[in-house]
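The chain contents come next:
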Amino acid sequence: MLLAGKTAVISGAAGARGIGFATAKTFAAQGARVAILDLDGAGAAKAAAELGKEHLGVACNVTDKADCERAVSEVLKSFGQVDILINNAGITQPVKVWDISPQDWDRIQDVNLRGVLYLSQALMPHMQARKAGSIACMSSVSAQRGGGILGGAHYSAAKAGVLGLAKAMARELGPDGIRVNCVTPGLIVTDINIGKIAPEKEKEILAGIPLNRLGRPQDVANIFLFLASDLSAYTTGAVIDVNGGMHI
Ligand code: NAD
């Protein structure tokens, strides 16, 4: 088992059909104890219970620094240590650039970008003291190709910000034995987009994907597993595409 004896914190993993929960299931199957942190506290508790009684579900709003610190201390109290952080929580908003309001901008930056900083900061002292840790952050193909399928320009900007933040963290935390990497998924079928793409639009999207299918949460979970495990022991500051060739 790739994660035997390890503990992991995964944000935004309450939704049964989401990338976060697929990652939580994958990590648990590989021997890790998993703490699911989500704005939806009841959903996080339910998802953790589904994995088994050694796992934990904690309510946490990643946009609130104090709340991240509280949630992390709850996890540390229960697990004693944390080896892995997956910054997965995110939201999108399909809106044209000329329609983005100041409130839209703030909301999208707060969850997708600020949340990555706050939750990582909350775990840094612990990981630095142990001289070990793997942090993986959720970006998106939207950051690379200038627009996703459903996300607006503010979403692309936030996910591009995640790339810069993760690379800077990789540089600063490397000497402390902490690795930081990113994934950039293409279109993955989850609650964020299910039922929101018209059939003709889906056909058009598929025509631009050389592997000729949309992504599955498990496709991304497998990459998070690689980044969390010692298989990637010499990989930091990297960006791994999981997009079926949508952006090459
Ligand atoms: P999802 O809606 O199932 O997952 C997002 C989760 O984040 C939800 O459980 C939600 O409750 C949680 N969340 C929202 N705001 C939060 C907050 N303030 N604090 C804590 N948790 C919060 O959708 P998903 O597609 O699984 O998305 C997971 C991540 O993958 C997101 O960051 C998304 O931007 C990114 N992503 C998704 C796709 C895709 O096509 N589905 C592609 C690229 C990137």
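Because the structure is predicted, anything quoted here is derived from the model rather than measured.

A. Layout of the overall build of the protein. If you tally the helices and strands in the protein, you get 8 helices and 7 strands. Counting every position in the protein, which comprises 248 residues, the buried fraction comes to 49%. Put simply, of all contacts in the protein between residues at least 6 apart along the chain, 73% involve residues at least 24 apart. Accessible surface, the protein: about 11,100 Å² in total, of which carbon and sulfur atoms supply 55%.

B. Broad picture of the packing of helix α1 (residues 19–29) against helix α2 (residues 41–51). At a minimum axis separation of 10 Å, α1 and α2 run at an interaxial angle of 30°. It follows from the interaxial angle that α1 and α2 lie roughly parallel. You can see that α1 and α2 cross each other, and the crossing is right-handed. Across from Phe 21, Ala 24, Lys 25 and Ala 28 in α1, the residues of α2 making contact are Ala 47, Glu 50 and Leu 51. A breakdown of the residues in the contact of α1 with α2 according to their chemical character gives 5 nonpolar, no polar and 2 charged.

C. Just the pairing of strand β4 (residues 84–87), in detail. Side chains of β4 alternate between two faces, with Ile 84 and Ile 86 and Leu 85 and Asn 87 buried alike. Where strand β1 (residues 7–11) lies against β4, 3 bridges are found, and the strand directions are parallel. Bridging from a neighbouring strand, Ala 8 pairs with Ile 84 of β4. Inspection of the sheet shows β4 paired to strand β5 (residues 133–138) by 4 bridges, in the parallel sense. Bridge assignment links Ile 84 to a residue of β5, and that residue is Ser 134. Crossover handedness for the path β4 to helix α4 (residues 102–130) to β5: right-handed.

D. Representation of the environment of Val 180 in the model. Tracing the sequence through the fold places Val 180 in strand β6 (residues 178–185). Here Val 180 falls in the buried class, since its relative accessible area comes to 0%. Considering only alpha carbons, one finds Val 180 and Leu 227, 47 residues apart in sequence, at a separation of 8.7 Å. Those residues in contact with Val 180 that lie beyond four places of it in its chain are Ile 135, Cys 137, Ala 166, Met 169, Ala 170, Leu 173, Thr 236, Gly 237 and Ala 238.

E. Here's a closer look at the packing of α1 against helix α8 (residues 217–228). For the pair α1 and α8, interaxial distance at closest approach is 8 Å and the crossing angle is 50°. Relative to α8, the element α1 lies oblique. Seen from above, α1 lies across α8 with right-handed handedness. Residues Ile 19, Ala 22, Thr 23, Thr 26 and Phe 27 of α1 touch α8, and the partners they reach there are Pro 217, Gln 218, Val 220, Ala 221, Asn 222, Phe 224, Leu 225 and Ala 228. Split into classes, the residues belonging to the contact of α1 with α8 amount to 9 nonpolar, 4 polar and no charged.

F. Geometry of the pairing of strand β2 (residues 33–38). Among the 6 residues in β2, 5 count as buried, and that is most of the element. The sheet contact formed by β1 and β2 spans 5 bridges and is parallel. When the bridges of β2 are listed, Ile 10 appears paired with Ile 36. Two elements, β2 and strand β3 (residues 56–59), share 4 bridges in a ladder whose sense is parallel. Its bridge partner lying in β3, Ala 35 is registered against Leu 56. Regarding topology, α2 serves as the crossover connection from β2 to the parallel β3, and that connection is right-handed.

G. View of the nonpolar core. Counting 34 residues, the largest nonpolar core has Val 9, Leu 37, Val 75, Ile 135, Cys 137, Met 169 and Val 180 as the members making the most contacts within it. Elements that contribute at least two residues to this core include exactly β2, α3 (65–79), α4, β5, α6 (153–173) and β6. Contacts of Cys 137, omitting those with residues within four sequence positions, involve Asn 87, Val 116, Val 162, Ala 166, Met 169, Val 180, Asn 181, Cys 182, Val 183 and Phe 224. Membership of the second largest hydrophobic core comes to 27 residues, among which are Phe 27, Ile 36, Val 220 and Phe 224.

Cut-offs and rules
- Numbering of residues begins from 1 in every chain and follows the order in which that chain's sequence is written.
- Given that this is a predicted model, residues contribute local features only at a pLDDT of at least 70 and side-chain atom pairs are listed and counted only at 80 or more, while totals for whole chains, interfaces and linings are drawn from all residues.
- Side-chain descriptors were evaluated using all non-hydrogen atoms of the structure, hydrogens and water having been removed beforehand.
- A run of H or I in DSSP becomes a helix once it reaches four residues, and a run of E becomes a strand once it reaches two; helices and strands are each numbered from the N terminus.
- For every residue, the accessible area obtained with a 1.4 Å probe (protein chains only) is divided by the maximum for its type, and the residue is called buried under 20%, exposed over 50%, and partly exposed between those limits.
- In this description, contact between two residues means that some pair of their heavy atoms is separated by no more than 4.5 Å.
- Here the Shrake-Rupley method, with its probe set to 1.4 Å, supplies the accessible areas, and only the displayed protein chains count as covering residues.
- Axes here refer to lines fitted to C-alpha atoms; in helices the fit is confined to the stretch in contact. Angles between the N-to-C directions go from 0 to 180 degrees.
- Should an angle fall under 35 degrees it is called roughly parallel, over 145 degrees roughly antiparallel, and 65 to 115 degrees roughly perpendicular, with every other angle called oblique.
- Each crossing is labelled by how the near helix is turned from the far one, with a counterclockwise turn of less than a right angle marking it left-handed and a clockwise turn marking it right-handed.
- Any residue outside Ala, Val, Leu, Ile, Met, Phe, Trp, Tyr, Cys, Pro, Asp, Glu, Lys and Arg is labelled polar, Gly included; the first ten of those are nonpolar and the last four are charged.
- We call two strands paired when DSSP finds no fewer than two bridges between them.
- Here a crossover is taken to be right-handed if, once the strands point away from the viewer, the path from the first strand over the helix to the second is traced clockwise.
- Side-chain atoms within 4.5 Å are what join buried Ala, Val, Leu, Ile, Met, Phe, Trp, Tyr and Cys residues into a set we call a nonpolar core.

The values are spatial; any link to function lies outside them.
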